[in-house]
Amino acid sequence: MSNLKILTPARKRAFESIPTLSTNEREGYFIIDVETRKKLNGLKSDVNKVAYLLQQTYFQAKGRFFNANKFKAKDKKYAEKVLNIKTPVDLADYTSQTASVHKQQILKKFNWKAYKASHKKDLYEFSMVLVDKRHSKEVIFFSLLSYCWLHRIEIPGYETFASIVTDSYLKYEEEVVAKLTKNITTEQIEILDKFLSSDSNPFTLRELKKIDQGDTQKSLNKNARLLALYKETYSSIKPLLSAISLSKEAIKHFSDWIYKTNTAQIKQLKNPFERNLRIAAFIEDQYFKRQDYAADAIQKVLRSKVNKARGYERKCKEQNEHEANEANRTVMDSAKTSKQIIKLILEISEDLNLSYPERNERVVQLIKSYFEAENPDLTSHIAKVEKSISKVSVKADYYKYLFANQTSIQRSLGPLIREVVLDVKSTNAHLLDAISNYSSGLSEFDENTNIEFLNESERTLIHDEDGLPSISKYKTLLFVHLANSLKNRSVTIEYSYRYKSTSSYMVEDDNWSNNKDSLLKATSLDRFKDGEKILSEIGAKVTSNYESVNQRIINGENTYFVQKPDNSWRIKNEDANYEVSRYIPKLLNKNTKTLQDMLYEVNIDTEFSQCFTHSSTKHAKTSIDPRLLFATIMSLGTNMGHTAMAKSSRIFSEKNLRDTENHWLSNENIKKANDLIVKTIQSLPLPTVFNDEHGRLHTSSDGKKVVVAVNSLLANYSYKYYGKEQGISVNSFIDEKQSFFHVNVLTASDREAPYMMDGILSSKSIYESEALNKHVHSTDTHGYTEAIFAGLHFLDVSFAPRIKNIHDQTIYAYEAKSTRKKTNAPIAPKTQINKKLILDNWDEILRLMVSIKLEYCSPSQIFIMLSMSEKQNQLYKAIKELGRLIKSNFILNYVNDEELRTSIQKQLNRVELGQKLTDAVFFGRKGKLRVGLEEEIQKVMSCNTLLRNVVIMWNYMFLSDYYYSLEDDETKKDVLDSISNGSVVSWEHINTLGVYEFNHNAGRQFKATLQQMKNIIISGI
């Protein structure tokens, strides 16, 4: 079998070719040290001297050797100059025997090893580990390359690496199938053969594949029945899956084939054991996903009921407010009158000048007069006041609504809850016991009914009017507590991707204990090992910063600082200079260009289409018609949908588009293509006008609300953002050069902060080649938490959010001398951080960050889990405490540095303006999403991001061509000034001018009107 296609032809040629040396590299590599000089002096022939020096230079640059006929003339000439050889040599006289000797000498000098068969075996074993984790072919290829550099092994050619990767993929699957063949039982074969058969299964293949996103009773009960089916089937094949021992990534890989095929194609798979392997993996994947979605549904349904109960409680409170106020006034008036009467009775009783009968008669008359004048409704008013106080204390109206809906809640969620398998190691043991009892068929109270998870008032509320406990009320409260416990992770799920215990997402205990140093080194976190030293360094910076910031304020140097009479303060901010209308819009003319042509032109320069590979690693097509690929990308990215796109296309059917999406457009492939376009934008000279500071990367992110017009457990209601519909938040990331390097989706109720770290980690692969002194990232207030300040610190990213009312933020001191008690400085913290808490948990903080960098978990996943269980979790308290110190340092810098404040505002303006481009590209179906699963939504928004970057890159190419065509220096300056002020893409003028600017590097000027963009005609390709 031929090797798998791993790199694009262009990248393959670059890998195999002689390195192209820059001026600095040539000067550095051609320096002749003492040992090299000694070796050269021992060579008699000038040819051998030049060839040796070139071989050594190329080896230092690429770790491999090349034939002399490939040596570059420019490098040869430079070597002759360095060696002071006047007559040019002929490298044809350099023999293969001499080259072999030189190779051995160079390897020995640098303490490297020649590539041998034994090394291929080592690389193969390493590749098998990576295949088990289902890394992409490209990632494995470059991991093998890094392995050679790390172990100083001569780097072999492309085909050798490709052969190892190919053999690893094939061998891995063969070994897995062999394990299955050995361990599968006859009963399991029968179960797997029948599982996807419509004859023996009441559900269609589509129903088995796709989880219903509805939250109606019908949808939830259907999901419960499907979950029960998967639960029963999984328990039967679990011994088989345990024997095969597939990684989570491998399970997803093998199951992916089932998702993308139909029943006929599954039956056509010739090898029955391979078919059973894929079905078994699919069952486990679905079982874990459905457990997670069950937890999502339980929380969403009960959150809705709880919110409505709170609304009902507020409504009742408002309706009864007038009546309660009247009752309160009546009671208060009566109390005042009673006080006066009692006071007068006391005076009469103590008046010795009056006879006893007279005193008695006067007292009796006063009391009779009081009762005759008393409000006849006083008793009822007193009862109303008592009832009002009682209802507030026990939230009676809130529980009244919940209990009124108890039948609906139990019928909707009861079947689903019975099928969820909770982890017996969960911390909320009483709730676990109660759920277990419920799942076993709880129908009435008995001595085994656990009520320990209920609070005191709830234990009273579950009783009916006769004082007997109500099993229905008990179940309702049980469900509410389960939803809350799933959210705060005091209850976790045993078979789950997203609801497992926190420790299961981190490096294993034994691995951490035994290999901590190597793990820290592998993730470049070893410099943080000494927690006391690191904390002391950060603390010293903060203390010094307090002194310098306050000194500038006292000296009157900080003219933006305003001290208020009550000793509080604020910062006067000026708007960032980010004008978008001065010059560039004047370049627009009447020429137009369609979106698919933009894709074609950008693809000529980037070859991003080569990033799209078929989902199958074997027996699959190696290429796809670019027209079909681009049509599918536009169908998703513009939100037109496959039906509308097929009607516009005339040459591609809806089935063509759907098959292309299923087999070619994975989220991984789209990300690769997008990263390639972003890297190309970074390599262009024109975008450098945006760099505010040499060697610094400033990025930003911002969320955008998008309506979801279909059922989705990810979507939530928010009248403020979506009206009466549901929606999600889409978080876009942009750099200074206005390229969108990441996008992720989250629920509208989630904070953007933990998801922001996902985007930062993904950017490392894009910007790692740049010599960055600092990476700064900005968000608005929704994008920050104190814990994220600490997390980004370990990723070498300076967090610089625009925090609303920053003067109201609590700032902290490292040393007591900086606190308000010790100083009268304009800015002084009230309290110190808890150093002991941080240092006591330093080891766990490092373990957390290692787990994130080694991809045991995503930052969003682990930080959300930790924050939900903050009350019980010392690790989160510690990392939050560290973040408070780092945040305090940022606030001081923000107060002190006008340039930093302007830079933050400018970068956030970029991402906010970039959201307008999102709206323009995402025009189909009124901008409302028609997919509900998280993976599907992510794919749509990733395609939209790719299209946005195509727009950005095209624009740069047009401006570059235009700029270089100008002869007037003053006009060139106007162009650059206008670009640097933000008008690269006239997002502000889309509605008024209706035009974008684009171009290709051949010098042709293209434009695309907004209307033209909306009327995409694929048949014109």
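Conventions used here
- Residues numbered from 1 in each chain as written.
- Predicted model: local features only at pLDDT ≥ 70, side-chain atom pairs only at ≥ 80, totals over all residues.
- Heavy atoms only, no water.
- Helix = DSSP H or I, 4+ residues; strand = E, 2+ residues; numbered from the N terminus.
- Buried < 20%, exposed > 50% of the residue type's maximum accessible area, 1.4 Å probe, protein only.
- Areas by Shrake-Rupley, 256 points an atom, 1.4 Å probe, with all protein chains shown as cover.
- Contact = heavy atoms within 4.5 Å.
- Salt bridge = Lys/Arg side-chain N within 4 Å of Asp/Glu carboxyl O.
- Axes fitted to C-alpha atoms, helices over the stretch in contact; angles between N-to-C directions.
- Parallel < 35°, antiparallel > 145°, perpendicular 65-115°, else oblique.
- Left-handed = near helix turned anticlockwise from the far one by under 90°.
- Nonpolar A, V, L, I, M, F, W, Y, C, P; charged D, E, K, R; others polar.
- Core = buried A, V, L, I, M, F, W, Y, C linked by side-chain atoms within 4.5 Å.
- pLDDT = per-residue confidence, 0-100.
- Pairing = 2+ DSSP bridges.
- 1 Å grid on protein atoms, 1.4 Å probe; cavity = no way out; pocket = protein on both sides within 12 Å on 5 of 7 lines; lining within 4 Å.
- Points joined across faces, edges and corners; volume = space filled by probe spheres on them.
- Phe/Tyr/Trp six-rings, centres within 6.5 Å; stacked < 30°, edge-to-face > 60°.
- Lys NZ or Arg CZ within 6 Å of the ring centre and 35° of its normal.

1. Examining the overall build of the protein chain
No. 1: When helices and strands are tallied, the protein chain shows 41 helices and 12 strands.
No. 2: Counting all 1021 residues of the protein chain, 52% fall into the buried class.
No. 3: In the form shown here, the protein chain has an accessible surface area of approximately 48,600 Å², with 48% of it arising from carbon and sulfur atoms.

2. Regarding the environment of Lys-49
No. 1: Its place among the elements puts Lys-49 in helix H4 (residues 46–62).
No. 2: Considering only alpha carbons, one finds Lys-49 and Glu-80, 31 residues apart in sequence, at a separation of 8.9 Å.
No. 3: The residues contacting Lys-49, other than those within four sequence positions of it, are Leu-40, Leu-43 and Leu-83.

3. Looking at the pattern of salt bridges
No. 1: By the definition in use, this model includes 39 salt bridges.
No. 2: Put simply, Lys-655 and Asp-659 hold a salt bridge, and the shortest N to O gap is 2.6 Å. In this pair, Lys-655 and Asp-659 are both assigned in helix H28 (residues 654–664), four residues apart and thus about one turn of the helix distant.
No. 3: For Lys-655, a relative accessible area of 59% corresponds to the exposed category.
No. 4: Members of the salt-bridge network, linked through shared partners, are Glu-786, Glu-881, Arg-884 and Lys-887.

4. A closer look at the packing of helix H31 (residues 753–767) against helix H35 (residues 859–868)
No. 1: Packing of H31 against H35 brings their axes to within 7 Å, and their N-to-C directions diverge by 155°. Judged on the interaxial angle alone, H35 and H31 are roughly antiparallel. Seen along the crossing, H31 lies across H35 with a hand that is right-handed. On H35, the residues touching Pro-754, Tyr-755, Met-757, Asp-758 and Leu-761 of H31 are Pro-859, Ser-860, Phe-863 and Ile-864.
No. 2: Residue composition of the contact of H31 with H35, by class: seven nonpolar, one polar and one charged.

5. Some details on unusual backbone geometry
No. 1: A positive phi is found at Gln-738, a non-glycine position, where the angle reads about 70°.
No. 2: The backbone of Asn-805 shows a phi angle near 50°, a positive value even though the residue is not glycine.
No. 3: Position of Asn-805 relative to the elements: it lies in the loop between strand S8 (797–799) and strand S9 (812–813).

6. Things to note about the nonpolar core
No. 1: If you look at the biggest cluster of nonpolar residues, it comprises 135 residues, and the most contacted ones within it are Phe-612, Ile-728, Ile-827, Phe-863, Phe-890 and Leu-946.
No. 2: Ignoring any residue separated from it by four or fewer positions in sequence, one finds Phe-612 in contact with Leu-629, Ile-633, Trp-664, Leu-665, Asn-669, Ile-670, Ala-673 and Leu-946.
No. 3: Phe-15, Ile-164, Tyr-169 and Val-421 belong to the second-largest nonpolar core, a separate cluster that totals 106 residues.

7. Overview of the confidence of the model for the protein chain
No. 1: In this model, the protein chain carries a mean pLDDT of 84, and residues with pLDDT of at least 70 account for 86%.
No. 2: Put simply, helix H40 (residues 990–993) is where the protein chain has its lowest mean pLDDT, 28, and helix H33 (residues 835–840) is where it has its highest, 96.
No. 3: Ignoring residues within four places in sequence, the model shows residues 388–393, a span with pLDDT below 50, making three contacts including any to other chains.
No. 4: Predicted confidence for residues 580–586 stays below pLDDT 50, and this span has 26 contacts to residues more than four positions away or in other chains.

8. Re the environment of Arg-411
No. 1: Locating Arg-411 in the fold gives a position in helix H19 (residues 406–419).
No. 2: Judged by relative accessible area, which is 54%, Arg-411 ranks as exposed.
No. 3: Here the alpha-carbon distance between Arg-411 and Leu-220, two residues 191 residues apart in the chain, equals 9.3 Å.
No. 4: For Arg-411, the contacting residues outside a window of four places in its chain are Gln-217 and Asn-221.

9. Focus: the pairing of strand S3 (residues 696–708)
No. 1: Here S3 lies mainly inside the structure; 11 of its 13 residues are buried.
No. 2: As judged from the five bridges shared by S3 and strand S7 (residues 774–778), these two strands associate in the parallel manner. In the strand pairing of S7, Ser-700 is matched with Ser-778.
No. 3: Sheet topology note: the S3/strand S5 (residues 726–735) ladder contains 10 bridges and is antiparallel. Residue Lys-704 lies in a different strand from S5, and its bridge partner there is Val-730.

10. Side note on empty space enclosed by the protein
No. 1: Taken as a whole and assessed by the stated rule, the structure comprises two cavities of 30 Å³ or more.
No. 2: Its volume calculated, the largest cavity comes out at about 80 Å³.
No. 3: Along the walls of the largest cavity sit Ile-211, Asp-212, Gly-214, Leu-220, Asn-223, Leu-227, Arg-290, Tyr-293, Ala-294, Ala-297, Leu-416 and Leu-713, which together make up its complete lining.
No. 4: At the level of elements, helix H12 (217–244) and helix H15 (272–349) are the ones that each hand at least two residues to the lining of the largest cavity.
No. 5: With four residues, the top contributor of residues to the lining of the largest cavity is H15.
No. 6: Classifying every residue of the lining of the largest cavity by side-chain character gives eight nonpolar, two polar and two charged.
No. 7: There is about 30 Å³ of room inside the second largest cavity.

11. With respect to the packing of aromatic side chains
Any pair of aromatic rings gets described here by the distance separating the centres and the angle formed by the planes.
No. 1: Tallied over the full model, the rule gives 42 aromatic pairs.
No. 2: Aromatic side chains Phe-59 and Phe-110 sit 5.8 Å apart centroid to centroid with 40° between the ring planes, which places their arrangement in the tilted category. One end of the pair, Phe-59, is in helix H4; the other, Phe-110, is in the loop between helix H6 (96–109) and helix H7 (117–132), and 51 residues separate them in sequence.
No. 3: Phe-110 sits in the partly exposed class, given a relative accessible area of 23%.
No. 4: Geometrically, the ring pair formed by Tyr-234 and Phe-288 is edge-to-face, given 6.1 Å between the ring centres and 75° between the ring planes. A residue pair is termed long-range when its members are at least 10 positions apart, and Tyr-234 in helix H12 and Phe-288 in helix H15 qualify at 54 residues. Both residues of the pair, Tyr-234 and Phe-288, count as buried.
No. 5: Of the aromatic side chains, those joined through ring pairs into one cluster are Phe-15, Phe-141, Phe-142, Tyr-158 and Phe-161.
No. 6: A cation over an aromatic ring shows up here: Lys-252 above the ring of Tyr-497, its NZ or CZ 4.0 Å from the ring centre.
No. 7: In this structure, Arg-901 is placed above the aromatic ring of Tyr-560, and the distance from its NZ or CZ to the ring centre is 5.1 Å.

12. Some words on H28
Helical geometry note: an α-helix holds 3.6 residues per turn, so side chains three or four residues apart project in the same direction.
No. 1: Considered for burial, the residues of H28 that qualify are Leu-657, Thr-660, Glu-661, His-663 and Trp-664.
No. 2: Residues of H28 that are buried in the fold lie against helix H26 (626–637), helix H27 (642–649), helix H29 (667–683) and helix H38 (934–965).

13. Notes on the pairing of S5
No. 1: Extensive coverage of S5 is indicated by the burial of 10 of its 10 residues.
No. 2: Side chains Gln-726, Ile-728, Val-730, Ser-732 and Ile-734 of S5 all project onto a buried face; the interleaved residues Gly-727, Ser-729, Asn-731, Phe-733 and Asp-735 project onto the opposite face, where all are buried too.
No. 3: Where strand S4 (residues 716–717) meets S5, two bridges bridge the pair, whose relative direction is antiparallel. Following the sheet pairing, Asn-716 is matched in S5 by Gly-727.
No. 4: Of the pairings in the sheet, the one linking S5 to strand S6 (residues 740–747) comprises seven bridges and is antiparallel in character. Considered in S6, the bridge of Asn-731 is made with Asn-744.
No. 5: From the end of S5 to the start of S6, which pair antiparallel, there are four residues, and Gln-738 there has a positive phi angle of about 70°.

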